[in-house]
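Coordinate analysis (summary)
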Amino acid sequence: MLKIVLPVILFIFMITGLSRYLLITSRKDLVNVSTKASSKPVVVFVIDSLMDQPLQKAIKEGKAPAFEFLIKHGQYYSDVVSSYPTMSVTIDSTLLTGTYANDHKVPGLVWLKKDENRVINYGPGKIEFLDIGAKQILTDSLIHLNKAHLSRYVPTIYEELARSEIQSASINGLIYRGNQVHRLHIPKLFTGMNLLPRNVEVNGPSLLSIGSLTQYNQENDWSNHIWKGAGVNDYFTANELKYFIQKNQLPPFTLAYFPDLDRDIHKNGPMEQKGIEEVDKQLQMILNAYPSWEEAIQKMTWIVHGDSAQSAVINDRSKALIDLTILLDQYTLWTPDQPSNKEIALAVNERMAYVYLQDETIKISDISARLKADSRIGFIAWKKGETGYVVSSKSDTPFTFSPDGPYTDSYGQSWTLNGDPALLDLSINEQNEISYGDYPDALARLDGALRSHEGRYIIIDAKPGYEFVEKNSPNHAGTAAHGSLHKADSVVPLIIAGTDQAPKHLRLVDFKDWLVKLAK
């Protein structure tokens, strides 16, 4: 997935050609921060799009010694279930709040905000960037995402720890809301072009580092250039974390985000290994901040995991790309320059999409009938009241589900089910116990997306090998993408070193309680 700050800043630089002077920002002084010592700090390494199969291949070939060491001296799980849609902003919101999208209210990288009648896009491609506008995208990504869009009714890990007067840190994290006020250092380029105000204050954890917008380590000056994502890169994250360790300013809890592997997989496909080797070098840098690697896991708890997987998209563009503007060409489509009086709006999240029915006279059944005729779509879902409806090309009869009922799953969740559960690849035994197949934790994750935000909308989810597109969305034909509910996009590895504790269930939604307990 294109990350929040990287594509925005990079594109601005490309079209302006302004000098580096206009992008210079100042550093924060770590000396002025009073960090309370912790007996064993917890650091969560979120490695975007880390997957088990290429990781194991790199280890087997001796090209990932840091990963190999942490696995050998800790616990390893290959099948942790992500959030839904499998896009970083939604996943990280789940990780940090311990809830799915129905509670944290960040429904995807792209979604329509009904009360403002506009599509939110936190990380667009270049064409989308021109359509939506730089000011809107920067403001949503840097300010509104954490301040307004992430629900105030669910506390983040940072806020939870602050209630117990426990300090924390975020390095390049997408979701960082906390109780401490921080001022972002906005480059002169952005203020001069009236893209952002000169003074931007955000609420974050005790230590907040977001590339060159707010950094501590002077050595990161050379890695925060605009052509290096203004600091939103793996080296910057690792070097900032190493600096906290060396200065004895590592708080009890830190989240460190590593974005580069995601970009490499989007470019080269799901078995991309070079990116894993590069991430390993950054882990080695952090391990080397201690006298020995053994001491590193004695003095720090290491939680290393992926946020989502990526699956291969077939090479033939005519087959791989499900063009929703063609499938729904009988309807008028929402556009940024003409948002009113349109029948349908689209929000494409790679292999998943929201279809918004803006015209109240349009029937869901009419839209779903057109969509399910395309065999590349795995399922179509919508809600009425508390009930979720699912259809596909396999069946004309909807499968329905709602929370609470006689059927239970392995996560202790209960459900009311009617119709053919095979539409979500569910199986049910004689004891009314649900087993998940191709769509792990399908009911809770899909229910979360169906109740994630206001509006009358349909969710469509692509089969492996295919990706949704509309007029301006990026595509990954011949490489890899994510976004879907399918296990190919949803299952990620987890490494735990320095503690014998583990989350209650192997789901990212269960990490928060576990991490707060570790940090305390």
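See the structure printed just above.
Quick notes on the rules
- Residues numbered from 1 in each chain as written.
- Predicted model: local features only at pLDDT ≥ 70, side-chain atom pairs only at ≥ 80, totals over all residues.
- Heavy atoms only, no water.
- Helix = DSSP H or I, 4+ residues; strand = E, 2+ residues; numbered from the N terminus.
- Buried < 20%, exposed > 50% of the residue type's maximum accessible area, 1.4 Å probe, protein only.
- Contact = heavy atoms within 4.5 Å.
- Areas by Shrake-Rupley, 256 points an atom, 1.4 Å probe, with all protein chains shown as cover.
- Pairing = 2+ DSSP bridges.
- Axes fitted to C-alpha atoms, helices over the stretch in contact; angles between N-to-C directions.
- Polar contact = N/O pair within 3.5 Å; in protein donor to acceptor, adjacent residues only side chain to side chain.
- Arc of directions from axis to C-beta.
- Core = buried A, V, L, I, M, F, W, Y, C linked by side-chain atoms within 4.5 Å.
- Salt bridge = Lys/Arg side-chain N within 4 Å of Asp/Glu carboxyl O.

With respect to the overall build of the chain
- On a plain count of helices and strands, the chain comes out with 19 helices and 24 strands.
- Burial statistics for the chain: of 520 residues in total, 61% are counted as buried.
- Summarising the internal contacts of the chain: among those between residues at least 6 apart in sequence, 71% fall at separations of at least 24.
- A total of about 20000 Å² of accessible surface is found on the chain, and carbon and sulfur atoms cover 47% of it.

Digging into the sheet that holds strand S9 (residues 253–258)
- Read from one edge to the other, the open sheet built from seven strands follows the order S2-S24-S10-S1-S9-S5-S8, with strand pairing classed as mixed. Both outer strands of the open sheet, strand S2 (74–81) and strand S8 (207–209), are each paired with one neighbouring strand and no more. Strand-to-strand twist in this sheet, taken as the mean axis angle between neighbours without regard to direction, amounts to 10°.
- Where strand S1 (residues 42–47) meets strand S10 (residues 301–306), six bridges bridge the pair, whose relative direction is parallel.

Let's talk about the side chain of Asp 489
- Considering the arrangement of structural elements, one finds Asp 489 in helix H18 (residues 487–490).
- Among the polar contacts made by the side chain of Asp 489, one reaches the main-chain amide nitrogen of Gly 483 at a distance of 3.5 Å.
- When residues no more than four places from it in sequence are discounted, the contact partners of Asp 489 are Thr 86, Ser 308, Ala 309, Gln 310, Ser 311, Arg 351, Ala 481, His 482, Gly 483 and Ser 484.

Considerations on helix H2 (residues 52–60)
- Every buried residue belonging to H2 is among Pro 54, Leu 55, Ala 58 and Ile 59, and all of these are buried. Down the axis of H2, the buried set is contained in an arc of 140°. They therefore lie on one face. Turned more than 90 degrees away from the buried face of H2, the exposed residues are Gln 53 and Lys 60.
- On the buried face of H2, the contacting elements are helix H3 (65–72), S2 and helix H12 (274–287).
- Following H2 by one or two positions, Gly 62 has its phi on the positive side, about 75°.

Quick word on the sheet that holds strand S18 (residues 414–418)
- If you walk across this open sheet you meet the seven strands as S13-S14-S21-S15-S16-S17-S18, and the pairing is antiparallel. Two strands in the sheet have a free side with no partner beyond their single neighbour: strand S13 (344–349) and S18. Averaged over all adjacent pairs, the angle separating strand axes in this sheet is 25°, with direction ignored.
- When S13 meets strand S14 (residues 352–357), the two strands line up antiparallel, connected through six bridges. By the bridge assignment for S14, Val 348 is matched with Ala 353.
- Along the sheet face, helix H16 (residues 364–372) touches S13, S14, strand S15 (377–384), strand S16 (387–392), strand S17 (395–408) and strand S21 (457–462) and points at about 170° away from the line of S15.
- Contacts from helix H17 (residues 442–450) reach S14, S15, S16, S17, S18 and S21, with the element oriented near 105° to S17.

Quick word on the environment of Val 492
- Relative to the helices and strands, Val 492 is located in strand S24 (residues 491–497).
- The contacts of Val 492, once residues within four sequence positions are left out, are Leu 50, Tyr 77, Ser 78, Asp 79, Val 80, Gly 306, Asp 307, Ser 308 and Ala 309.

What about the pairing of S17?
- Pairing of S16 with S17 involves four bridges; the strand directions are antiparallel. Residue pairing across strands places Val 390 opposite Phe 399, the latter belonging to S17.
- If you look at the hairpin formed by S16 and S17, you'll find two residues sitting between the two strands.
- Counting the residues between successive antiparallel strands, the hairpin from S17 to S18 contains five residues, one of them, Gly 412, with a positive phi of roughly 80°.

Some words on unusual backbone geometry
- A cis amide bond links Tyr 84 to the next residue, Pro 85, at an omega of -5°.
- Along the chain, Pro 85 turns up in the loop between S2 and helix H4 (88–97).
- In this structure, Asn 117 takes a positive phi of about 50° despite not being glycine.
- Relative to the helices and strands, Asn 117 is located in the loop between strand S3 (110–113) and strand S4 (118–121).
- A relative accessible area of 26% means that Asn 117 is categorised as partly exposed.
- Unusually for a residue other than glycine, Asn 248 sits at a positive phi of about 55°.
- Its place among the elements puts Asn 248 in the loop between helix H10 (234–246) and S9.

Quick word on the nonpolar core
- In this structure, Phe 253, Leu 443, Leu 446, Ile 459 and Leu 515 are the most contacted members of the largest nonpolar core, which totals 72 residues.
- Apart from the residues lying within four places of it in its own chain, the contact partners of Leu 515 are Val 42, Val 44, Leu 95, Ile 157, Phe 253 and Ile 303.
- Residues Phe 69, Leu 207, Tyr 216 and Ala 296 belong to the second largest nonpolar core, which totals 44 residues.

Focus on the environment of Leu 324
- You can see Leu 324 is positioned in helix H15 (residues 324–327).
- Residue classification places Leu 324 among the buried residues on the basis of a relative accessible area of 0%.
- Taking C-alpha positions, Leu 324 is 8.8 Å from Leu 371, a pair spaced 47 residues apart along the chain.
- Dropping the residues within four chain positions of it, Leu 324 is found in contact with Leu 346, Val 348, Ala 353, Leu 371, Ile 460, Phe 468 and Val 469.

A word on the pattern of salt bridges
- Counting across every chain of the model gives 23 salt bridges.
- A salt bridge links Lys 113 to Asp 115, with the shortest nitrogen-to-oxygen separation between them at 2.9 Å.
- What makes Lys 113 buried here is its relative accessible area of 15%.
- Salt-bridge contacts for Glu 278 lead to Lys 281; the nearest nitrogen and oxygen are separated by 3.2 Å. On the criterion of helical spacing, the pair formed by Glu 278 and Lys 281 is a turn pair, its members being three residues apart in helix H12.
- Residue Glu 278 is classed as partly exposed on the basis of its relative accessible area, which comes to 29%.
- Its relative accessible area of 44% is what places Lys 281 among the partly exposed residues.
- By sharing partners, the salt bridges in this structure join Lys 113, Asp 115, Glu 116, Arg 118 and Asp 140 into a single network.

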